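Results of the structural survey
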Amino acid sequence: MQVGTGKSILNGIAIGKLKIYKKKDTVISAAEVADTAAEEARFEDARAKAIDQQTTLYEKALAEAGEDIAEVFNIHAMMLDDDDFVDAIKEIINGQHKCAEYAVKTAGDNQAAVFAAMDDPYLQARSADVIDIAQAILDILQGVDNATLQGTEPSILVAEDLAPSETVRMDKSLLLGFITREGSSNSHTAILARSMNIPALIQCKDIQDDWDGKMAVVDGYNACVYVDPTPDLLKSLKKRQQEDQKKQALLQELKGKPNTTLDGKTINVFANIGGMGDVGAVQQNDAGGVGLFRTEFVYLNCKDFPTEDYQFEAYKQVLESLAPRKVVVRTCDIGADKTVDYMKLDHEENPALGYRAIRICLTRKDFFKTQLRALLRASAYGNMSIMFPMITSLRELQDAKAVLDECRAELRAEGKKFDEKMEVGTMIARRCPHRRRAGRGVRLLLHRHQRFDPVHLRSGPPERKAGAFLQPAPPRCAPGHQDDHRRGPPPRHLGGHLRRAGRRHRPHRDVPADGRGRAVHERQERAARAQDHPQHRFEQAFR
């Protein structure tokens, strides 16, 4: 058995024989031609036929993958009409006296190289679209038909790379999955594979020519391919595939039906997404909207800070595609396990509870405003709400809303439109009212009344020192817990201490143990003081 690894496009299992997908090699002459007018006419004729092909592909993709995915081929048609692209080809034909094939290949490679050299991963992936349209013209000029390369039996295709047009042209009843040596998760081919529910593995450098005809399993869950798998492994993966198929069949039965319980209550079922690549799945699976748009993936897919216009286009595209469905956008939650080099975040002993999300945004105001301005501008193109993440105090909420108001005022002054009535909410990290049942995760949240583990108050850049975000715990917290930040790091037995806080037990050492009546009196006093505490007002506002 051989195992190849790569990057998975879809969680799924594909089982079948491998088929090496090799395009026919063609030779393009670099010799000079005498009749440049005839070559230019050949090019124009092939270009017109290529545009017609894109229209046909659009209609096929519309039926198989939905309108948003099919739009790729409308874009390809527009690229074939692009003046810069067409003029570059004609200049090579007439200026260098080259044949139409040479001119198309050269101009296509040059323009693709420009996109590939860009820092933005999304724009880098567009180089494949340029190559695709150039190849469409070349195939027409050379009379090449790659439609027969798929074969006549169901198989898993193995190729160097696949263009969007090649993926759409394929007979889906014969396409079990595909593996490519190159490719990008941002490419239109990857988006098509996800939308069509095709298990695929990209960037698999282990591909070998002798795989042709061998039995294999593409394991999208583990991002690998097993060539000539053992009988036990094949049996196990077939069982997993059957389970997936049963679940998918059940979900298909529910599509189009109201989300209403037996007692008549309707529940909104929304999807979580990380960007435009997930929109097709939202539409295909009949989601009522998007409950969480994780915008940090916009940052994770860039090598430098994404600009306001770049973010605006990314958010606008999602909103327009899903309108009038609601899209709840979470502002950037970078930090902890989601980091990017260009933000230069320091290592922390407790990153999950440290300098992340809203705390980064509030200490890097320009960074925060860039995103908020982009979101506000995009709000004019759909039904959007904004959610601030990891809010743990009233102060954070007030500061975040103040920055949002600044952005609104700036856009009004610039005459840029946005949704004035857009909803704004928060993701609240709050303590569990049933502390005696709290597990470890809830106990960690309980300690977050101090906002940071005390170690974060003694280290890091200036904006994070001296309790930059510290807000004392409400008086109704566990006795003495309000002073934990002054006493230093929490004790090793913190979990047990918090568990005991909800049970009847001997009062904390700071509360005199002179009878149960005194302890009750102390609790009543703490409850009374809590009514005027900012945390109490914050919780009341969002109940």
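Remember, it's a predicted structure, so these values are computed and weren't measured experimentally.

Quick notes on the overall build of the protein chain
- A count of helical and extended segments in the protein chain gives 20 helices and 13 strands.
- Here the protein chain holds 543 residues, and the buried ones make up 46% of them.
- Accessible surface, the protein chain: about 27,300 Å² in total, of which carbon and sulfur atoms supply 50%.

Some points on the side chain of Glu39
- Tracing the backbone shows Glu39 in helix α1 (residues 36-65).
- Judged by its relative accessible area of 12%, Glu39 falls in the buried class.
- Among the polar contacts listed, one links the side chain of Glu39 to the side chain of Arg42, at a separation of 2.8 Å.
- With sequence-adjacent residues up to four places away left out, Glu39 is seen in contact with Val33, Ile93, Lys98, Cys99, Ala100 and Glu101.

Brief notes about the packing of aromatic side chains
- Here the structure, examined in full by the defined rule, presents five aromatic pairs.
- On the basis of an interplanar angle of 70 degrees and a centroid distance of 6.1 Å, the ring pair of Phe305 and Phe367 is categorised as edge-to-face. Of the two residues, Phe305 is situated in the loop between α11 (296-300) and α12 (308-322) and Phe367 in helix α14 (residues 365-378); the sequence distance between them amounts to 62 residues.
- Judged by relative accessible area, which is 10%, Phe367 ranks as buried.
- The aromatic ring of Tyr221 is capped on one face by Arg240, whose charged end is 3.7 Å from the ring centroid.

Section: the confidence of the model for the protein chain
- Taken as a whole, the protein chain shows an average pLDDT of 78; of its residues, 74% reach a score of 70 or greater.
- In the model, residues 431-468 has pLDDT below 50 throughout and makes 88 contacts with residues more than four positions away in sequence or in other chains.
- This stretch, residues 476-514, has a pLDDT under 50; its non-local contacts, to residues over four places away or in other chains, come to 54 contacts.

Some thoughts on helix α4 (residues 100-116)
- In a regular helix each residue adds 1.5 Å, so 17 residues correspond to 24 Å; α4 covers 24 Å between its end C-alpha atoms and thus fits that length.
- Those residues of α4 that sit buried are Ala100, Glu101, Ala103, Val104, Ala107, Gly108, Ala112 and Phe115. End-on view of α4: buried residues confined to an arc of 165 degrees, all on one side of the axis.

As for the sheet that holds strand β9 (residues 271-273)
- Pairing in this open sheet of five strands is parallel, and the strands run β9-β10-β11-β12-β13 from one edge to the other. In the strand order of this sheet, the two ends are held by β9 and β13 (423-428), each with one partner. Strand-to-strand twist of the sheet, defined as the mean angle between neighbouring strand axes without regard to direction, takes the value 25 degrees.
- In the sheet, strand β10 (residues 289-294) pairs with strand β11 (residues 326-330) via four bridges, with the strands oriented parallel. Residue Gly289 lies in a different strand from β11, and its bridge partner there is Lys326.
- The strands touched by α12 are β9, β10, β11 and β12 (383-391); relative to β10, the strand with the most contacts, the crossing angle is about 170 degrees.
- Against the sheet, helix α15 (residues 394-414) contacts β12 and β13, and its axis sits at roughly 145 degrees relative to β12.

Points about the pattern of salt bridges
- Counting across every chain of the model gives 28 salt bridges.
- Measuring nitrogen to oxygen at the nearest pair gives 2.9 Å for the salt bridge that ties Glu44 to Arg47. Of this pair, Glu44 and Arg47 both sit in helix α1, three residues apart, which is roughly one turn of the helix.
- Among the salt bridges present, the one from Arg373 reaches Glu410, with a minimum N-O distance of 3.0 Å. Taken together, the residues Arg373 in helix α14 and Glu410 in helix α15 connect sequence positions 37 residues apart.
- Assessed through its relative accessible area of 10%, Arg373 is described here as buried.
- Connected through shared salt-bridge partners, Glu308, Asp309, Lys365, Lys369, Arg373, Arg377, Glu406, Glu410, Glu414 and Lys416 make up one network.

Quick word on the packing of helix α3 (residues 83-96) against α4
- Relative to each other, α3 and α4 sit at 135 degrees, their axes nearing to 9 Å. The angle between α3 and α4 places the two elements in the oblique class. Between α3 and α4 lies a crossing whose hand is right-handed. Contacts from Phe85, Ala88, Ile89, Ile92, Ile93 and Gln96 in α3 reach Ala100, Tyr102, Ala103, Val104, Thr106, Ala107, Gly108 and Gln111 in α4.

Structural notes on the side chain of Arg408
- Note that Arg408 resides in helix α15.
- Discounting chain neighbours no more than four positions away, the residues touching Arg408 are Leu376, Phe418, Met422 and Val424.

Some details on the packing of α14 against α15
- Their axes nearest at 9 Å, the elements α14 and α15 cross at an angle of 60 degrees. One finds that α14 runs oblique with respect to α15. The two elements α14 and α15 meet at a crossing, and its hand is right-handed. Between α14, through Lys365, Phe368, Lys369, Leu372, Arg373, Leu376 and Arg377, and α15, the contact on the second element is made entirely by Ala400, Val403, Leu404, Glu406, Cys407, Arg408, Glu410, Leu411 and Glu414.
- Counted by class, the contact of α14 with α15 contains eight nonpolar, no polar and eight charged residues.

Section: the nonpolar core
- Counting residues in hydrophobic clusters, the biggest one holds 45 residues, and the most contacted among them are Phe293, Phe368, Leu372 and Phe388.
- When residues in this core are grouped by element, the largest group, seven residues, is from α14.
- Ignoring sequence-local partners within four residues, the contact set of Leu372 consists of Thr331, Phe388, Val403, Leu404 and Cys407.
- In this structure, Ala46, Ala77, Phe85 and Ala100 belong to the second largest nonpolar core, which totals 25 residues.

Topic: α3
- A rise of 1.5 Å per residue sets the reference length of α3, with its 14 residues, at 20 Å; its end C-alpha atoms lie 19 Å apart and thus fit the reference within 8%.
- Among all positions of α3, only Phe85, Val86, Ile89, Ile92 and Ile93 are buried. One side of α3 holds all its buried residues, which, seen down the axis, span an arc of 125 degrees. The exposed residues of α3 that point more than 90 degrees off its buried face are Asp83, Asp84 and Glu91.
- At the exit of α3 stands His97, carrying a positive phi of roughly 55 degrees.

The rules behind the values
Residues numbered from 1 in each chain as written. Predicted model: local features only at pLDDT ≥ 70, side-chain atom pairs only at ≥ 80, totals over all residues. Heavy atoms only, no water. Helix = DSSP H or I, 4+ residues; strand = E, 2+ residues; numbered from the N terminus. Buried < 20%, exposed > 50% of the residue type's maximum accessible area, 1.4 Å probe, protein only. Areas by Shrake-Rupley, 256 points an atom, 1.4 Å probe, with all protein chains shown as cover. Polar contact = N/O pair within 3.5 Å; in protein donor to acceptor, adjacent residues only side chain to side chain. Contact = heavy atoms within 4.5 Å. Phe/Tyr/Trp six-rings, centres within 6.5 Å; stacked < 30°, edge-to-face > 60°. Lys NZ or Arg CZ within 6 Å of the ring centre and 35° of its normal. pLDDT = per-residue confidence, 0-100. Expected span 1.5 Å × (residues − 1). Arc of directions from axis to C-beta. Pairing = 2+ DSSP bridges. Axes fitted to C-alpha atoms, helices over the stretch in contact; angles between N-to-C directions. Salt bridge = Lys/Arg side-chain N within 4 Å of Asp/Glu carboxyl O. Parallel < 35°, antiparallel > 145°, perpendicular 65-115°, else oblique. Left-handed = near helix turned anticlockwise from the far one by under 90°. Nonpolar A, V, L, I, M, F, W, Y, C, P; charged D, E, K, R; others polar. Core = buried A, V, L, I, M, F, W, Y, C linked by side-chain atoms within 4.5 Å.

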